[in-house]
Amino acid sequence: MAAGYADILRAPHAARLLTGTLVGRLPNATGHIAIVLFTRAEGGSYTLAGALAAVYGLATALGQPLLGRAVDLYGQPRVQLPAAVVSALGMALFAVAGTGPLPLAYAAVTIAGLFTPPLEGGLRALWPSVLGRQDQVHRAYAMDAVAQEVMFTVGPLLVTVLVALWSPAAALLVINAVGVLGALSVAMSAPSRSWRSAPREAHWLGALRSPGLLALLGAFFFVGLALGSITVAGVAYADDHGRASVYGWLMAALGLGALIGGTAYGARQWAGAPERRLRVLVALLAAGYLPLVLTPGVVAMTALSALAGVFLAPAIACAFIVVDRHAPRGTVTEAFSWLVTTFGVGAAVGTAVAGPAVEIGGTAWSFAVAGAAGCAALLVLTATQRVLAVPGRSKDIAGSAPASSENDRNGAAQPGFSSGREA
């Protein structure tokens, strides 16, 4: 298992690209927490802190696919690095000006979110040219999903350490400065500088003109909703048991489950169409969310949280493959960015829905939101399986339909790759 991942990291530029992307995305992974802590330190209310964090999140969701489209059109260095600098300057403005002039505070976090560079989508567009083998590309998607889980766990801890050692303002400045260095490392790498998107058909909808991609985005909106609701439900569960540390245990277990599942998923080769495999993974994901409604004791609930996380990273990794198969030609970075955006919007909606659910029916109802959202994601994939059955690739400029995936030139666009055993 470890040998397969080690082979990937030994490939030229692979470790640099993965590390640079994770470091470059650190501001995005910690932005909402850093904004809340800074706003409270400035004397702002929880309402104001939540509103500023929400504006930052919405601006990020809007900017990711737009910047992803710009990357497809103009290349990675010309978009990623300037966007990272502008985003960091926006957050620096927020840290220096504070929350006193509210319009300026809102403008600053809007700029920071809107110009968050689409490093995640950019990395997935680079893997085929870096690794060169279809089995390694798919394993890299799984490794990428696992690394994201680690980063989103470690990032908030880093913010709290910086706040404790210095101040919330210093945390904002340091995290964003480090993020620029990560983006610089990626943008200046040889694969990033040489990467070019395939020729694309001019269309105002861009990647969204693919019915298969729309179906996948619809499903992963509900996956994000499920995850967002669990974060709120976990707080309610911890309050019920009178210990704030319980929340940390639940979230750590969820991340551990994703780490184990993603590592195991990427360690083997899978045969069969990834669209069908994705339905199975989402079904298992939904099945893992449903027992959380039981809200047993802390030990049992921690174990259930770990189980609920097992199929998250595999589902995300498989979704990357499906996105690539259905993205119109020349829109691969934009398509990946749309998946990130949709997942994030779903998570935001999940946090908004789970709160009233706790007020109305208690903690169990808020966990029921996650189970219902998981079932809804499966329902979307099942209802649209005919749309997803055949990878849709719009005709290129010459008018001939490409037979393979743009982002997997080595054949992964075929209906799965054979490993000599059935999935």
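Everything numeric in this text was worked out from a predicted model, so none of it was measured.

Now for the overall build of the protein. Secondary structure assignment for the protein yields 18 helices and zero strands. Looking at the protein as a whole, 54% of its 423 residues qualify as buried. Taking all contacts inside the protein whose residues are at least 6 apart in sequence as the whole, residues at least 24 apart take part in 83%. Here the protein displays about 16700 Å² of accessible surface, and carbon together with sulfur accounts for 70% of that area.

Attention shifts here to the environment of phenylalanine 220. Relative to the assigned elements, phenylalanine 220 resides in helix 11 (residues 211–240). When its relative accessible area of 1% is taken as the criterion, phenylalanine 220 is described as buried. Phenylalanine 220 sits 124 residues away from glycine 344 along the chain, and the two C-alpha atoms are 9.4 Å apart. Setting aside anything within four residues of it in sequence, one finds phenylalanine 220 in contact with Leu278, Ala315, Ile316, Ala319, Leu339, Thr342 and Phe343.

Counting across every chain of the model gives four aromatic pairs. Their ring planes at 65° and their centres at 4.9 Å tell us that phenylalanine 38 and phenylalanine 94 sit as a pair that is edge-to-face. Remark: phenylalanine 94 occurs in helix 5 (residues 77–97) and phenylalanine 38 occurs in helix 3 (residues 26–41); sequence separation between them is 56 residues. Ring centres of tyrosine 265 and tryptophan 270 lie 5.3 Å apart, and the angle between their planes is 20°; this geometry places the pair in the stacked category. The class of tyrosine 265 is buried, set by a relative accessible area of 7%.

A few words now on the packing of helix 11 against helix 17 (residues 363–383). As a packed pair, helix 11 and helix 17 sit with axes 8 Å apart at the nearest point and diverge in direction by 165°. In terms of orientation, helix 11 and helix 17 fall into the roughly antiparallel class. Crossing handedness for the pair helix 11 and helix 17: left-handed. For the contact of helix 11 with helix 17, the class distribution of residues is 18 nonpolar, six polar and one charged.

The nonpolar side chains of soluble globular proteins are, as a tendency, buried together. Counting 89 residues, the largest nonpolar core has Trp127, Leu131, Tyr141, Phe220, Leu278, Tyr289 and Leu292 as the members making the most contacts within it. At 14 residues, the largest contribution of residues to this core is made by helix 11. Counting 20 residues, the second largest nonpolar core, distinct from the first, contains Ala105, Ala108, Val159 and Leu162.

Bringing the side chain of serine 305 into the picture now. Tracing the sequence through the fold places serine 305 in helix 14 (residues 298–309). Since its relative accessible area comes to 6%, serine 305 is described here as buried. Setting aside anything within four residues of it in sequence, one finds serine 305 in contact with Leu250, Ala253, Leu254 and Leu292.

Bringing a nonpolar patch on the surface into the picture now. A contiguous nonpolar patch, built from Val150, Val154, Leu256, Leu259 and Ile260 and spanning about 400 Å² of accessible area, is present on the exposed surface. Only helix 8 (134–165) and helix 12 (245–266) provide two or more residues apiece to the nonpolar patch. Sort the elements by how many residues they give to the nonpolar patch and helix 12 lands first, with three residues. Following the sequence through the fold, isoleucine 260 ends up in helix 12.

Where helix 3 contacts helix 9 (residues 168–187), the two axes come as close as 9 Å, and the packing angle between them is 165°. In terms of axis orientation, helix 3 runs roughly antiparallel to helix 9. Helix 9 is crossed by helix 3, and the crossing has left-handed handedness. Contacts between helix 3 and helix 9 pair Leu26, Pro27, Thr30, Ala34, Ile35, Leu37, Phe38 and Ala41 from the former with Pro168, Ala169, Leu172, Ile175, Asn176, Val178 and Gly179 from the latter. A class-by-class count of the residues in the contact of helix 3 with helix 9 yields 12 nonpolar, three polar and no charged.

The rules we used
Counting starts from 1 at the beginning of each chain's written sequence and moves along it residue by residue. Only residues with pLDDT of 70 or above have their local features reported here, since the model is predicted, and side-chain atom pairs are shown and tallied only from 80 upward, although totals for entire chains, interfaces and linings are computed over all residues. Values reported for side chains reflect all heavy atoms of the structure, with hydrogen atoms and water molecules removed beforehand. Helix and strand definitions follow DSSP, with helices as H or I runs of at least four residues and strands as E runs of at least two, each counted in order from the N terminus. Burial classes: relative accessible area under 20% of the type maximum marks a residue as buried, over 50% as exposed, and values in between as partly exposed (1.4 Å probe, protein chains only). Contacts are residue-level and defined by heavy atoms, with any inter-residue pair within 4.5 Å sufficient. Areas reported as accessible are Shrake-Rupley estimates using a 1.4 Å probe. Residue values count occlusion only from the protein chains shown. Any two rings among Phe, Tyr and Trp, with Trp reduced to its six-membered ring, count as a pair given centres within 6.5 Å; such a pair is stacked if its planes are under 30 degrees apart, edge-to-face if over 60, and tilted if neither. Here an axis means a line fitted to C-alpha atoms, over the contact stretch when the element is a helix, while the angle between two N-to-C directions is reported on a 0 to 180 degree scale. Should an angle fall under 35 degrees it is taken as roughly parallel, and over 145 as roughly antiparallel, whereas 65 to 115 is taken as roughly perpendicular and any remaining angle as oblique. In this scheme the crossing of two helices becomes right-handed for a clockwise turn of the near helix relative to the far one and left-handed for an anticlockwise turn of less than a right angle. Following the grouping adopted for this structure description, the nonpolar residues are Ala, Val, Leu, Ile, Met, Phe, Trp, Tyr, Cys and Pro, the charged ones are Asp, Glu, Lys and Arg, and the polar ones are all others, Gly among them. For the purposes of this section, nonpolar cores are sets of buried Ala, Val, Leu, Ile, Met, Phe, Trp, Tyr and Cys residues that join through side-chain atoms within 4.5 Å. Candidate patch residues must exceed 30% relative accessible area and have no salt bridge, after which like charges are joined if within 9 Å and Val, Leu, Ile, Met, Phe, Trp or Tyr side chains if within 5 Å. Salt bridge, as used here, is a side-chain nitrogen of Lys or Arg placed within 4 Å of a carboxyl oxygen of Asp or Glu.

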